[in-house]
Amino acid sequence: MKSTEEKKRGEFRSRMGFIIACVGSAVGMGNIWMFPYRVGKFGGFAFLIPYFIFIILLGFSGVIGEMAFGRSVKSGPMGAFGAAMKMRFGKKSEKWGKIIGLIPVLGSLAMAIGYSVVVGWLIKYFWAALSGVLINVEDMGAYFGETAISFGSVPWHMLALGVTFAVMVLGISNGIEKMNKIMMPLFFVFFIILLIRVATLAGAAEGYKYLFVPRWEQLGNIQTWVYALGQAFFSLSVAGSGTIVYGSYLKKDVDVVSCAKNVALFDTIAALISGMVVIPAVFAFGLDVGSGPPLMFITLPAVFQNMPVGSVFAVLFFIAAIFAAITSLVNLFETPIEAVESVFGISRVKAVAAVAVVAVAVGLFIENGDVVGAWMDAVSIYAVPLGAVLAAIMFFWICPKGYARKQIELGREKPLGKWLEPVTKYVFCVITIVVYVLGILFGGIG
């Protein structure tokens, strides 16, 4: 019989709802503006070889581990880390586990605050495309420059936060699950429409060559492997935060290994489709394929300006990008909201309100493009991979022997092979440390 606390805790209604929500957390702007650029820069199809290797390795270690960890204790990072310490060292050590769990919680909050600024930019561009303003902008660089200044997008930024928190107030099944079931399928539909249109553009073939013709010599370039690892790691949302929280809302009869496989598959499909839209379109009009905000907010709008019926495709592109961004933003904010609910024992509405106040109070002062860029870089280099390191150590090393296997196999018909412990305890834990170190050395690899 479930405890009163567990009864009150939200749950995903279905396995598919959980998978779609996790896909939503994984599919974000990195799939759209970073993945295509890196594939082209680091060897085309050759880049995909290390990328696929790391996706499979991380999916079958870190992703299943974080899902199972959260589900096993029905808690986010603070409760999960506290439970791990208690199981290993006794009741007195539980508080230290919760304190350590604050690191991924605060990292997720900081990332969400920065991410919400960029979502505000997306909403502004969507409205500009819908109203016909964007298609008539003469200097796209100047237009973006006017947007990405201090207090330059306040209403759009607040709208992004308003939509996000409105969904989250509704809870897990009625808010997060339903929202993802609508937004994620539409994301794929809109991008497939864009893919078909881009394929008809003269010059698109050069973009496909840039993306997929293998330049095998790049496999000898250490940066190819470093950035493939970073892309896979951050794309799968391995951070010791959001995936643990979503796992805590998962029913015990669901196979997390199957869920992780589907998340990795659909996240990769989303990245490939994005690449097949963005890069060929940019090549078709002879524009710069550089990554980051300039690609999304300067280069692609210029592509739509030059494309027949470009205003329609601009609307489709930016609403699809908003859907990808909002589903990721919800996941990022869910970690601190769950922590506030659990620590202070308050209602979800009050927890959402408390986090919203912090998000507004801090976010308003980092709207400048340079500031929010530095903010996001610092969080992704120092906080996010550290959260993953700590979660891996807690679940695979601090929890009692056999605990991780038991929780991962819960809901499966067949037990996993002997590969599980070596891959999770040694390979994955080492990878998280390597990502942390490489991020510092390279100034960010995500």
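Scroll up to find the structure this text is about.
Residues numbered from 1 in each chain as written. Predicted model: local features only at pLDDT ≥ 70, side-chain atom pairs only at ≥ 80, totals over all residues. Heavy atoms only, no water.

(A) Layout of the overall build of the protein chain. Counting secondary structure elements, the protein chain contains 19 helices and zero strands. In terms of overall size, the protein chain behaves like a compact globule, its C-alpha atoms giving a radius of gyration of 21 Å where 446 residues would be expected to give roughly 22 Å. C-alpha extents for the protein chain along the principal axes are approximately 65 × 50 × 40 Å. Going through the 446 residues of the protein chain one by one, you find that 59% of them count as buried. Taking all contacts inside the protein chain whose residues are at least 6 apart in sequence as the whole, residues at least 24 apart take part in 84%. Carbon together with sulfur atoms contributes 69% to the accessible area of the protein chain, which is approximately 17300 Å² in total. Positive and negative side-chain charges of the protein chain, numbering 34 and 24 respectively, have mean locations separated by a distance of 12 Å. (Helix = DSSP H or I, 4+ residues; strand = E, 2+ residues; numbered from the N terminus. Rg over C-alpha atoms; globule rule 2.2 N^0.38 Å. Buried < 20%, exposed > 50% of the residue type's maximum accessible area, 1.4 Å probe, protein only. Contact = heavy atoms within 4.5 Å. Areas by Shrake-Rupley, 256 points an atom, 1.4 Å probe, with all protein chains shown as cover. Lys, Arg positive; Asp, Glu negative; His and termini not counted. Charge placed at Lys NZ, Arg CZ, Asp CG, Glu CD.)

(B) The arrangement of empty space enclosed by the protein in detail. Within the structure shown, the criterion is met by four cavities of 30 Å³ or more. One number sums up the size of the largest cavity: a volume of about 50 Å³. As for the largest cavity, its lining consists of Leu194, Arg197, Val198, Val277, Val278, Ala281, Leu300, Val303, Phe304, Met307, Phe313 and Phe317. Breaking the lining of the largest cavity down by element, the ones donating at least two residues are helix H9 (172-199), helix H13 (256-284), helix H14 (293-306) and helix H15 (310-344). (1 Å grid on protein atoms, 1.4 Å probe; cavity = no way out; pocket = protein on both sides within 12 Å on 5 of 7 lines; lining within 4 Å. Points joined across faces, edges and corners; volume = space filled by probe spheres on them.)

(C) Looking closely at a nonpolar patch on the surface. Taken together, the side chains of Phe45, Ile49, Ile53 and Trp216 make up a nonpolar region of the molecular surface, amounting to roughly 360 Å² of accessible area. Structurally, isoleucine 49 can be placed in helix H4 (residues 45-73). With a relative accessible area of 30%, isoleucine 49 lands in the partly exposed category. (Patch = residues over 30% accessible without salt bridge, like charges linked within 9 Å, V, L, I, M, F, W, Y side chains within 5 Å. Salt bridge = Lys/Arg side-chain N within 4 Å of Asp/Glu carboxyl O.)

(D) A look at the nonpolar core. If you look at the biggest cluster of nonpolar residues, it comprises 162 residues, and the most contacted ones within it are Phe165, Phe187, Phe333 and Ile408. Of all the elements, H15 adds the most residues to this core, at 19 residues. Non-local contacts of isoleucine 408, meaning those with residues more than four positions away in its chain, are made with Ile64, Ala68, Val256, Val257, Phe395, Phe396, Leu416 and Leu420. (Core = buried A, V, L, I, M, F, W, Y, C linked by side-chain atoms within 4.5 Å.)

(E) Expanded view of the packing of aromatic side chains. Going through the model one piece at a time under the given rule, you end up with 34 aromatic pairs. Ring centres 6.4 Å apart and planes at 75° place the aromatic pair phenylalanine 188 and phenylalanine 266 in the edge-to-face group. Remark: phenylalanine 266 occurs in helix H13 and phenylalanine 188 occurs in helix H9; sequence separation between them is 78 residues. Accessibility expressed as a relative area gives 33% for phenylalanine 266, which makes it partly exposed. Taking 6.2 Å as the distance between ring centres and 80° as the angle between the ring planes, the aromatic pair formed by phenylalanine 395 and tyrosine 403 counts as edge-to-face. The buried category is assigned to tyrosine 403, whose relative accessible area is 15%. Aromatic ring contacts, followed pair by pair, group Trp121, Tyr125, Tyr143, Phe144, Phe187, Phe188, Phe191, Phe266, Phe297, Phe304, Phe317 and Phe318 into a single cluster. (Phe/Tyr/Trp six-rings, centres within 6.5 Å; stacked < 30°, edge-to-face > 60°.)

(F) Focus on the pattern of salt bridges. Under the definition given, this model contains 10 salt bridges. Here lysine 91 ties to glutamate 94 by a salt bridge, and the two come within 3.0 Å at their closest N and O atoms. Among the residues examined, lysine 91 registers a relative accessible area of 56% and is labelled exposed. By relative accessible area, which is 15% here, glutamate 94 ends up buried. Between glutamate 341 and arginine 348 there is a salt bridge, with its nearest N and O atoms 3.3 Å apart. Connected through shared salt-bridge partners, Lys91, Glu94 and Lys98 make up one network.

As far as function goes, none of this settles anything; it's purely spatial.
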